[in-house]
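One letter stands for each residue in the lines below.
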Amino acid sequence: MTGIELRATRAKRQMLTLAMQIVGPSGSGKTLSSLIFAYGMMKEKYPDMDEYELWGKIGLVDTEHDRSLIYESMEFNGVKIGQFIHVPLNAPYSIERYDAAVKALVDAGVEVCVIDSATHAWEGEGGVLDFQQKAGGRYQDWNETNKKTYNPLIDLLVGQKYRVHMISTARAKQEYTMQKNEHTEKMEIVKLGLKPVQRDTLEYEMQMVFRLDMDNHFEMSKDNSSLFKGKREVMSPEHGALVFQWLEKGIDIFAERRAAEEAAELIQDGE
């Protein structure tokens, strides 16, 4: 006997909070694609809502020197970008400041938060790598770094902290390696392709990862929904609507918990 008691139950599909990332090089359309996708989600949830109110359900944390503001009133792919809720974020890019920015959006009534971009939380001033270096820069310093910065960042990016849909963007850069040419036997530089500027394992935490090219088309790097398998398309509101429908399937465990808590309070009040 281990003294550990675990309960086994039948699996039930639960409603989900979105944990999604859009990766691409500069100019690939990460910000605009995020806003259009978020709009599609909220349009699916609130089909009769006024456009001004609808865009008030979408928020963006802007680490790119207010660059997202250029899209307000722009029309793209049949969508006019409205006045989304905007929070500018400059250095230091600590987890505490990212957290405060997301909280400000949630407090404003936002239901889909875009973090543009999460790259600064990794390699920017005050980010994860900066924290690890200031902690000593040794391998063993990753223990404290993960506990105080990276793990809380993951909780934020996957929507666990505030139970709100999260879309984060990440910069991508060309990766190279040295490899021996099988014909000449000489070492040469080989292009490996675009790699996100973030920890390699971050993709595992996401439900879906869209990779954009310079033609603004996406392909899937990861897709738990299987909605976009084999597709190469420009982001549209329909994509956001499809994902919202997928997220809503299943039981609302949070509603069940609230109902159970309220029932317990009524019983306690009646005693």
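Scroll up a little and you will see the structure.
First, a word on what this report is: a plain description of the structure on this page. (Residues numbered from 1 in each chain as written. Predicted model: local features only at pLDDT ≥ 70, side-chain atom pairs only at ≥ 80, totals over all residues. Heavy atoms only, no water.)

### Quick notes on the nonpolar core
- Leu18, Phe37, Ile81, Ile167 and Phe210 are the most contacted members of the largest nonpolar core, which has 32 residues in total.
- Looking at this core, the elements with two or more residues in it are β1 (19-24), α1 (30-45), α2 (51-55), β2 (58-62), β6 (112-116), β9 (208-212) and α7 (237-248).
- Top element by residues in this core is α1. It accounts for eight residues.
- What Phe37 contacts, discounting residues up to four positions off in sequence, is Leu18, Met20, Ile167, Phe210, Met235, His239, Gly240 and Val243. (Core = buried A, V, L, I, M, F, W, Y, C linked by side-chain atoms within 4.5 Å. Buried < 20%, exposed > 50% of the residue type's maximum accessible area, 1.4 Å probe, protein only. Helix = DSSP H or I, 4+ residues; strand = E, 2+ residues; numbered from the N terminus. Contact = heavy atoms within 4.5 Å.)

### A short note on the packing of α1 against α7
- Here α1 crosses α7 at 55°, and the two axes come no closer than 7 Å. Of the possible angle classes, the one that applies to α1 and α7 is oblique. In this structure, α1 meets α7 at a crossing whose hand is right-handed. Together, Ile36, Phe37, Tyr39, Gly40, Met41, Met42, Glu44 and Lys45 of α1 and Pro237, His239, Gly240, Ala241, Val243, Phe244, Gln245 and Leu247 of α7 make up the contact between the two elements.
- Grouping the constituent residues of the contact of α1 with α7 by class yields 10 nonpolar, four polar and two charged. (Axes fitted to C-alpha atoms, helices over the stretch in contact; angles between N-to-C directions. Parallel < 35°, antiparallel > 145°, perpendicular 65-115°, else oblique. Left-handed = near helix turned anticlockwise from the far one by under 90°. Nonpolar A, V, L, I, M, F, W, Y, C, P; charged D, E, K, R; others polar.)

### Focus: the side chain of Asp141
- If you trace the backbone, Asp141 turns up in the loop between α5 (128-134) and α6 (142-157).
- Apart from the residues within four sequence positions on either side, Asp141 is in contact with Gln132, Ala135 and Gly136.

### Section: the pairing of strand β10 (residues 217-223)
- Sheet analysis places β9 next to β10, joined by five bridges and oriented antiparallel. From the neighbouring strand, Met208 faces β10, where its bridge partner is Asp223.
- Between the end of β9 and the start of β10, which pair antiparallel, lie four residues, with Asn216 showing a positive phi angle near 65°.
- Across two bridges, β10 lies against strand β11 (residues 233-234) in antiparallel orientation. Opposite Phe218, over in β11, you have Glu233 as the bridge partner. (Pairing = 2+ DSSP bridges.)

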